[in-house]
Amino acid sequence: MKILVQKFGGTSVATPEARRQVIEKIINARKQGYRLVVVVSAMGRQGAPYATDTLKGLLEASGTNVSPREMDLILSCGEIISGTVLTGSLQAAGFKAIFLTGAQAGIITDNRFGNATIRRVDPGRILSHLEEDKIVVVAGFQGITEDGEITTIGRGGSDTTAAALGVALDAEAVEIYTDVDGIKTADPRIVSDARTLDTVTYNEICQLAHEGARVVHPRAVEIAMQKNIPLKIKCTFNDEPGTVVTGAGVFKEGGATILNGRVITGITQIPGLTQLRINTGALEDKSLQVKMLKALARANISIDFINISPEAMVFTVKDEVSSRAVRIIEDMKIPVAVKKGCAKVAVVGAGMTGVPGVMANIVEALADEGIEILESADSYTTIWCLVEEAKMEKAVQALHRKFNLGK
Ligand code: ADP
Ligand code: MG
C-alpha cells in the first residue's frame with residue numbers, strides 16, 4: 001500500500017475556499033495512487049472563532065484555576081471541528097472518508113497536559129480504514145494517555161502528529177501544506193525577497209525551526225528523520241514544488257551536514273525575550289549563583305543565551321516569565337539589571353563551520369544599520385545575536401542582504 005500523509009495548517013482549513021484547495025490537493029494525491037491520511041490543524045489563526053487560541057481564551061475567561069486536563073479537552077476541540085468539516089466536504093463530494101480524533105487514530109502520549117509527548121502510535125485502525133480505501137482525516141495536535149485522558153502536544157503539534165503517523169505507517173512522504181511556498185531563507189513576513197529553498201537537510205531545517213522559523217516544528221523533523229521519511233513543505237494555494245527535506249548531504253568534519261556547499265541556509269528570529277544581567281563579581285557569596293539557577297529551574301523558568309564570566313552572568317528568559325524570574329532573583333538579595341523587549345536573531349548554516357569571516361560579516365551588517373549586539377553566541381551551525389526587539393526586523397533584513405540570500 002502506497003501511503004502518503006498530508007498535513008494542512010490553520011490557514012489551509014480556515015475558509016470554504018481554502019478547504020476547496022485542500023480537496024484539490026487530496027484529489028491529486030489520490031490520482032497518483034496514494035492511500036491518504038490527512039492531518040488537520042484548527043481553523044485559522046488567533047481571533048478566528050474556532051482557532052486554538054480562541055478556545056483557550058474561552059476557558060481562561062472563567063478564571064485562573066482551570067485544570068490542565070479540562071484545558072486540553074477544550075483545546076482538542078479545534079481540530080475536531082476542522083477535521084469533521086473537511087471530512088463532511090469530502091463525503092459530500094463523493095469520496096469515502098472518515099474522521100478520527102487523535103485518540104481514535106491511536107496517538108498515545110504521556111500525561112503532561114498541554115505539552116504531552118507522543119509515546120507511540122497504534123496504527124491498526126487507520127490501516128484498516130486505508131485498506132477499505134477510505135481517506136482518513138486525523139485531528140492533529142492531540143492524543144490520549146494510556147489511561148484514557150485526552151492530551152494536546154504543544155505548539156506546532158499537528159506537524160508532529162503528521163510526522164509520527166508518517167513513521168508509524170511507513171509513508172512514502174509527509175507533506176506539510178501551509179500558506180507559504182516552502183522553507184524560505186527568512187520569514188517572508190519580514191523579508192519580502194526571501195527565496196524558497198528547493199532542498200534542505202533534516203539538520204538544516206531542524207536548526208531553522210529551533211531558532212524560530214515556525215514553518216515546521218522541529219520535533220516533527222526529528223521524528224521524520226528517525227526513519228528517513230521525506231518531508232515536503234508546500235503551499236496549499238498554488239502548485240509550486242515547495243521544499244523537500246531529506247537526509248541527503250555531504251558529511252563534513254565537525255559533524256555538520258552540508259548540501260551543495262551552502263554556507264548560510266537562512267536567517268531566523270525569536271522575539272519576546274528579556275535579558276537579565278547579574279554583576280556576579282560584586283557578590284560576596286559566590287554560591288548564590290548556583291542557588292539562583294536552581295531556584296529558577298525549580299520554578300520551571302527556562303533560561304537561554306547564558307554567558308558566564310568572572311564579572312557577570314547574563315542570560316535571557318521569555319518576556320512572559322521575566323517578572324517572576326526577577327522576583328525570585330531579588331528575593332535572594334541578588335541585584336539584577338533587566339532589559340525587556342529583546343529578540344534573538346540567528347544566522348543558520350550547517351556549512352558555516354570553519355568558514356572564516358561569517359562573524360565579521362554579521363557584526364558589520366548590524367553595525368552599518370546602527371544595531372547594537374547585546375550578546376552573542378555561536379555553535380557549529382548557528383550564530384546568535386541578541387538585539388532590541390524594535391530593531392529585530394531591520395537586523396533580519398540586513399543579515400539576509402549581507403549574505404546574499406535573496407532572489
Ligand atoms: P500553519 O498554520 O500552516 O502550520 P504556521 O504559521 O505554523 O502555519 O507556519 C507558516 C508561517 O511560517 C508562514 O506564514 C511564515 O510567515 C512563517 N515562517 C517563518 N519563518 C519562515 C521561513 N524561514 N520560511 C517559510 N515560512 C516561515
Ligand atoms: Mg505550524
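This text gives an overview of the structure that appears in the document. The structure presented is a predicted model; accordingly, all values stated were derived computationally and were not measured.

Attention now moves to the overall build of the protein chain. Per the secondary structure count, the protein chain includes 12 helices and 20 strands. Summarising its shape, the C-alpha atoms of the protein chain cover approximately 70 × 50 × 35 Å along the three principal directions. Within the protein chain, the fraction of its 407 residues that count as buried is 50%. Total accessible area on the protein chain is roughly 18,200 Å²; 51% of this is exposed by carbon and sulfur atoms. Side chains of the protein chain carry 45 positive and 47 negative charges; the gap between the two charge centres is 2 Å.

A few words now on a nonpolar patch on the surface. A contiguous nonpolar surface patch, about 250 Å² in accessible area, is contributed by Ile303, Ile306 and Ile308. Within the secondary structure layout, Ile306 lies in strand 16 (residues 304–308). By relative accessible area, Ile306 is classed as partly exposed at 39%.

So, about the nonpolar core. Note on soluble globular proteins: their nonpolar side chains tend to be buried together. In this structure, Ile126, Leu165 and Ile183 are the most contacted members of the largest nonpolar core, which totals 57 residues. Among the elements that take part in this core, helix 6 (residues 157–168) stands out by supplying 5 residues, more than any other. Not counting residues up to four positions away in its chain, the partners in contact with Leu165 are Val5, Val37, Val39, Ile107, Val121, Ile126 and Val138. With 24 residues, the next largest nonpolar core counts Ile190, Ala343, Val387 and Leu405 among its residues.

With 12 residues, helix 9 (residues 287–298) extends 17 Å from end C-alpha to end C-alpha; this agrees with the ideal 16 Å at 1.5 Å per step. For helix 9, the full list of buried residues reads Leu288, Gln289, Met292, Ala295 and Leu296. The buried side chains of helix 9 occupy one side of the element, clustering within an arc of 130° when seen end-on. Residues of helix 9 that are exposed and point over 90 degrees away from its buried face: Lys294, Ala297 and Arg298. At its buried positions, helix 9 is contacted by strand 15 (266–278), strand 17 (313–318) and helix 10 (319–331).

Turning to the pairing of strand 17, a few remarks are in order. Among the 6 residues of strand 17, 5 are classified as buried, and the element is accordingly described as predominantly covered. Note that strand 15 and strand 17 share 6 bridges and pair antiparallel. In the strand pairing of strand 17, Arg277 is matched with Val314. With 3 bridges connecting them, strand 16 and strand 17 associate as antiparallel partners. In the strand pairing of strand 17, Ile308 is matched with Met313. Adjacent in sequence and paired antiparallel, strand 16 and strand 17 are bridged by 4 residues.

What follows is about the sheet that holds strand 3 (residues 97–100). Taken together, the 8 strands give an open sheet; going across it, the order is 3-6-2-1-9-11-12-10, and neighbouring strands pair in mixed fashion. Every interior strand has two partners, whereas the edge strands, strand 3 and strand 10 (199–201), have only one. Within the sheet, the average angular offset between the axes of one strand and its neighbour, ignoring direction, is 20°. Relative to strand 12 (residues 243–246), strand 10 runs parallel, the two sharing 3 bridges.

Below, the discussion takes up the site of ligand 1. Arg45, Thr178, Asp179, Asp187 and Arg189 are the nearest of the 18 residues found near ligand 1. Here Asp179 contributes a side-chain N or O atom positioned 2.8 Å from an oxygen atom of ligand 1. Note that an oxygen atom of ligand 1 is positioned 2.8 Å from one of the side-chain N or O atoms of Asp187. Look at ligand 1: alone it shows 580 Å² of surface, and the protein chains cover 92% of it.

Within the structure shown, the criterion is met by 1 aromatic pair. In this arrangement the basic side chain of Lys2 is found over the ring face of Tyr34, its NZ or CZ atom lying 4.4 Å from the centre.

Turning next to the side chain of Lys25. Turning to its location among the elements, Lys25 is positioned in helix 1 (residues 16–31). Assessed through its relative accessible area of 9%, Lys25 is described here as buried. Here Asp239 takes part through its side chain, which lies 3.0 Å from a polar atom of the side chain of Lys25.

Let us now look at the layout of surface pockets. Size it by volume and the second largest pocket reaches roughly 250 Å³. Taken together, 19 residues form the lining of the second largest pocket, with Gln6, Gln32, Glu175, Tyr177 and Lys234 sitting closest to its centre. Only strand 1 (3–8), helix 1, strand 9 (173–178) and strand 11 (231–235) provide two or more residues apiece to the lining of the second largest pocket. When the residues that make up the lining of the second largest pocket are grouped by side-chain class, the tally is 8 nonpolar, 4 polar and 7 charged.

The strand order across the open sheet formed by 4 strands is 5-4-7-8, and the pairing between neighbours is mixed. Looking at the sheet topology across the chains shown, the edges are occupied by strand 5 (118–121) and strand 8 (150–152). Here the strands of the sheet are splayed against their neighbours by 45° on average, with no regard to which way each runs. In this sheet, strand 8 lies alongside strand 7 (residues 142–145) in antiparallel orientation, the contact comprising 3 bridges. Across the sheet, residue Gln142 finds its bridge partner in strand 8, namely Thr152.

Cut-offs and rules
Sequence positions are assigned chain by chain, starting from 1 and proceeding in written order. Here chains are named by letter from A upward and ligands by number from 1 upward, in the order in which they appear as written. Local features are withheld for residues below a pLDDT of 70 in this predicted model, meaning they are given only at 70 or higher, and side-chain atom pairs are given and counted only at 80 or more; totals for whole chains, interfaces and linings count all residues. In computing side-chain properties, one takes all heavy atoms of the structure into account and sets aside hydrogens as well as water. Think of it this way: any DSSP run of H or I at least four residues long counts as a helix, any run of E at least two long counts as a strand, and we number them from the N terminus. The buried label goes to any residue with under 20% of its type's maximum accessible area, the exposed label to any with over 50%, and the partly exposed label to all in between, with areas taken from a 1.4 Å probe on protein chains only. All accessible-area figures derive from a Shrake-Rupley calculation using a 1.4 Å probe, and residue coverage is judged against the displayed protein chains alone. As used throughout, the charge tally considers Lys and Arg to be positive and Asp and Glu to be negative, leaving His and the chain termini uncounted. Note on charges: their place is set at NZ of Lys, CZ of Arg, CG of Asp or CD of Glu. Like-charged residues within 9 Å of one another, or nonpolar side chains (Val, Leu, Ile, Met, Phe, Trp, Tyr) within 5 Å, are grouped into patches, provided each residue has over 30% relative accessible area and no salt bridge. We define a salt bridge as a contact between a side-chain nitrogen of Lys or Arg and a carboxyl oxygen of Asp or Glu at a distance within 4 Å. In this text, buried Ala, Val, Leu, Ile, Met, Phe, Trp, Tyr and Cys residues form a nonpolar core when linked through side-chain atoms within 4.5 Å. Should any heavy atoms of two residues lie within 4.5 Å, those residues are counted as being in contact. To estimate the expected span of a helix, subtract one from its residue number and multiply by 1.5 Å. In this description, the arc belongs to the directions extending from the helix axis to the C-beta atoms. A pair of strands counts as paired when DSSP detects no fewer than two bridges linking them. Angles run from 0 to 180 degrees between N-to-C directions of axes, and those axes are lines fitted to C-alpha atoms, restricted for helices to the stretch in contact. If even one non-hydrogen atom of a residue comes within 4 Å of a molecule or strand, that residue is called near it. Any pair of nitrogen or oxygen atoms within 3.5 Å is treated as a polar contact; in protein, a donor-acceptor pairing is required on top of that, and neighbouring residues in sequence qualify only through side-chain atoms on both sides. Aromatic contacts are taken between Phe, Tyr and Trp rings whose centres are within 6.5 Å, Trp giving its six-membered ring; a plane angle under 30 degrees counts as stacked, one over 60 as edge-to-face, and the others as tilted. Charge-over-ring contacts are defined here by two conditions on Lys NZ or Arg CZ: a distance within 6 Å of the ring centre and an angle within 35 degrees of the ring normal. A 1.4 Å probe that fits into a set of points on a 1 Å grid over the protein atoms alone but cannot get out defines a cavity; an open set with protein on both sides within 12 Å along at least five of seven lines defines a pocket, and lining residues are those with an atom within 4 Å of a point. Grid points are joined across faces, edges and corners, and a volume is the space filled by probe spheres set on the points. Amino acids outside the nonpolar list (Ala, Val, Leu, Ile, Met, Phe, Trp, Tyr, Cys, Pro) and the charged list (Asp, Glu, Lys, Arg) are all regarded as polar, and Gly is one of them.

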